[in-house]
Amino acid sequence: MSDGVDGVDGVDGTDRRSGRDETEDERADRMWQELIQEVRVAQTGVQILFGFLLTVVFTPKYAQLAHTDQVIYVVTVVLGAAATGALIGPVSLHRVVSGRRVKPRAVRLASRMTFVGLLLLLLTMTASLLLILRVATHSDCVPYLVAAVVIWYALCWYVLPLWARRRHTTR
């Protein structure tokens with residue numbers, strides 16, 4: 001294995017620098033900082049949404065909800081809790097493994113946790129929207145509106161980024 005000075009960082013002799021003049025550790029540090037900035041944005045949103053969801057059950061209107069709407073609410077709260085856990089997980093991971101010289105592996109694991117957290121956030125927002133629109137409108141068009149928003153989320157969060165990665169990644 002190389003010390004990173006000659007540009008060959010992988011055990012298989014491949015160049016791991018991807019056009020940047022940085023070692024594997026420097027790359028992990030940079031990627032960690034980028035990931036934490038991304039997580040901060042998502043964490044704020046999920047924590048506000050989750051906090052709001054926790055208050056709903058204590059309102060007089062909750063008891064008046066149809067059983068189906070109460071089930072949607074419970075599922076939404078559980079999804080919100082799971083999303084919160086996944087999006088806070090990278091911070092805990094960093095704290096637990098800090099100083100153990102495993103940052104490249106920790107970045108990969110934290111990145112996966114963040115991806116799962118975003119997927120859970122997508123599901124939480126979908127369920128929240130479904131519940132709110134069902135209660136607010138009692139309309140048959142609610143599933144179509146929710147589906148349209150989910151498609152929009154999927155385009156913004158997954159399809160466009162994956163398209164850009166595929167289109168602009170050099171092989």
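Rules behind the numbers
- Residues numbered from 1 in each chain as written.
- Predicted model: local features only at pLDDT ≥ 70, side-chain atom pairs only at ≥ 80, totals over all residues.
- Heavy atoms only, no water.
- Phe/Tyr/Trp six-rings, centres within 6.5 Å; stacked < 30°, edge-to-face > 60°.
- Helix = DSSP H or I, 4+ residues; strand = E, 2+ residues; numbered from the N terminus.
- Buried < 20%, exposed > 50% of the residue type's maximum accessible area, 1.4 Å probe, protein only.
- Salt bridge = Lys/Arg side-chain N within 4 Å of Asp/Glu carboxyl O.
- Polar contact = N/O pair within 3.5 Å; in protein donor to acceptor, adjacent residues only side chain to side chain.
- 1 Å grid on protein atoms, 1.4 Å probe; cavity = no way out; pocket = protein on both sides within 12 Å on 5 of 7 lines; lining within 4 Å.
- Points joined across faces, edges and corners; volume = space filled by probe spheres on them.
- Nonpolar A, V, L, I, M, F, W, Y, C, P; charged D, E, K, R; others polar.

K.L.:
I'd love a proper account of the packing of aromatic side chains, names of residues and values included.
P.N.:
Scanning the entire structure with this criterion turns up three aromatic pairs. For the ring pair Y62 and Y73, a centre distance of 5.2 Å and an interplane angle of 65 degrees mean the geometry is edge-to-face. Pair noted here: Y62 is in helix α2 (residues 60–64) and Y73 is in helix α3 (residues 67–97), with a separation of eleven residues, a long-range link. Given the relative accessible area of 5%, Y73 is considered buried. On the basis of an interplanar angle of 75 degrees and a centroid distance of 5.4 Å, the ring pair of F115 and Y158 is categorised as edge-to-face. One end of the pair, F115, is in helix α4 (residues 103–137); the other, Y158, is in helix α5 (residues 142–168), and 43 residues separate them in sequence. What makes F115 partly exposed here is its relative accessible area of 47%. Judged by its relative accessible area of 13%, Y158 falls in the buried class.

K.L.:
Lay out the pattern of salt bridges in plain terms, naming residues and giving numbers.
P.N.:
Tallied over the entire structure, the rule returns four salt bridges. Residue R30 pairs with E34 through a salt bridge whose shortest N-O separation is 3.2 Å. Of this pair, R30 and E34 are both found in helix α1 (residues 24–56), four residues apart, which corresponds to roughly one turn of the helix. Residue classification places R30 among the partly exposed residues on the basis of a relative accessible area of 22%.

K.L.:
Kindly report on the side chain of E22, identifying the contributing residues and their values.
P.N.:
Considering the arrangement of structural elements, one finds E22 in the segment before α1. There is a polar contact of 2.8 Å between the side chain of E22 and the side chain of R30.

K.L.:
Explain the layout of surface pockets to me, using residue names and the numbers behind them.
P.N.:
Of the volumes computed, that of the largest pocket is approximately 750 Å³. Surrounding the largest pocket, 19 residues form its lining, L35, E38, S111, F115 and R165 being those nearest its centre. Mapped by element, the contributors of at least two residues to the lining of the largest pocket are α1, α4 and α5. The residue inventory of the lining of the largest pocket, partitioned by class, reads ten nonpolar, three polar and six charged.

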